[in-house]
Amino acid sequence: MDRKERIMELVKEGYNNVKALSQYFGVSLMTIYRDVRELEKEGKLVRKHGELKLKTLADAKEEKEGRQTCAYCTKLVDKRLEFIYHLKDGKIKACCAHCGLLIYKNIKEDQVEACMTWDFISGNPINCYSAWYVIGSSAVPCCSPSAIAFANKEHAENFAKGFGGVVVDFEKGVEAIKEMMKRGQRVELKTEL
Ligand SMILES: [Zn+2]
Ligand SMILES: [Zn+2]
């Protein structure tokens, strides 16, 4: 049995850190790190909070979901900006509030059980419907024109003072982003002709 196989056995038995393994084998930390990294690449081990664990189906699922793409623009979803509609039969994920607000018209309202995103300042989860949005500011963390969500109206207004854009609630946000996209498209068409 080679060392990597033995590592898998040991992790199963409860050796959950690199140091314990390096002592067990009497080799350097670097050597164990290299083995562990290879096992991670092979999808057999995961490191969580510095602890080694055998990879489970739940880990594989989490990894897969972590790499989800936006239902509107197909961009990879960044966890800090994601905008999620929880429907009766699943979820629709958007990369940011821009796509989240645009997608709203394509969703049957009575299918939505909840909608959540993250507060741009605190990173706390917030209800999309009661959030405030700064639309069209010069800060564009994802899609343009940008839409950034805030739990607190005052935070949104202060943000708009610094970076421009308009502060709106959910309903107005849906309209505003649609209008801006239309205008944006018209300009693009002109330059093509
Ligand atoms: Zn998107
Ligand atoms: Zn986006």
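In this report, the structure presented in the accompanying data block is examined. If you're wondering where the values come from, they're calculated on a predicted model, not measured in any experiment.

Attention now moves to the side chain of threonine 117. Within the secondary structure, threonine 117 sits in strand β5 (residues 112-118). Looking at threonine 117, the relative accessible area reads 2%, which means it is buried. A distance of 2.7 Å separates a polar side-chain atom of threonine 117 from the backbone oxygen of glutamate 82. With sequence-adjacent residues up to four places away left out, threonine 117 is seen in contact with Leu81, Glu82, Phe83, Asn124, Pro125, Ile126, Cys128 and Ala149.

Moving on, we come to the nonpolar core. Formed by 32 residues in total, the largest nonpolar core has its most connected members in Phe83, Tyr85, Cys95, Leu101, Tyr133, Ile135 and Phe170. Ranked by residue count, the leading element in this core is helix α5 (residues 97-103), at five residues. Every residue in contact with cysteine 95, bar those within four places of it in the chain, is listed here: Cys70, Cys73, Lys75, Leu76, Val77, Asp78, Leu81, Glu82, Cys142 and Cys143.

The next subject is unusual backbone geometry. The peptide bond linking serine 144 to proline 145 adopts the cis configuration, its omega dihedral lying at -10°. Tracing the chain through its elements places proline 145 in the loop between β7 (132-135) and β8 (147-150). Phi at threonine 74 takes a positive value of approximately 70°, unusual for a residue other than glycine. Take threonine 74: it is sitting in the loop between α4 (57-66) and β3 (83-87).

The next thing to look at is the pattern of salt bridges. Throughout the structure, instances matching the rule amount to eleven salt bridges. Among the ionic pairs, aspartate 35 bridges to arginine 3, the shortest N-O distance being 2.5 Å. With a gap of 32 residues between them, aspartate 35 in helix α3 (residues 29-41) and arginine 3 in helix α1 (residues 3-13) connect regions that are remote in the sequence. Overall, the relative accessible area of 8% leaves aspartate 35 in the buried class. Measuring nitrogen to oxygen at the nearest pair gives 3.2 Å for the salt bridge that ties glutamate 179 to lysine 182. Note that glutamate 179 and lysine 182 are positioned in helix α7 (residues 170-192) at a spacing of three residues, about one turn of the helix.

Criteria and thresholds
Residues numbered from 1 in each chain as written. Chains lettered and ligands numbered in written order. Predicted model: local features only at pLDDT ≥ 70, side-chain atom pairs only at ≥ 80, totals over all residues. Heavy atoms only, no water. Helix = DSSP H or I, 4+ residues; strand = E, 2+ residues; numbered from the N terminus. Buried < 20%, exposed > 50% of the residue type's maximum accessible area, 1.4 Å probe, protein only. Polar contact = N/O pair within 3.5 Å; in protein donor to acceptor, adjacent residues only side chain to side chain. Contact = heavy atoms within 4.5 Å. Core = buried A, V, L, I, M, F, W, Y, C linked by side-chain atoms within 4.5 Å. Salt bridge = Lys/Arg side-chain N within 4 Å of Asp/Glu carboxyl O.

Coordinates in, geometry out; function isn't part of it.
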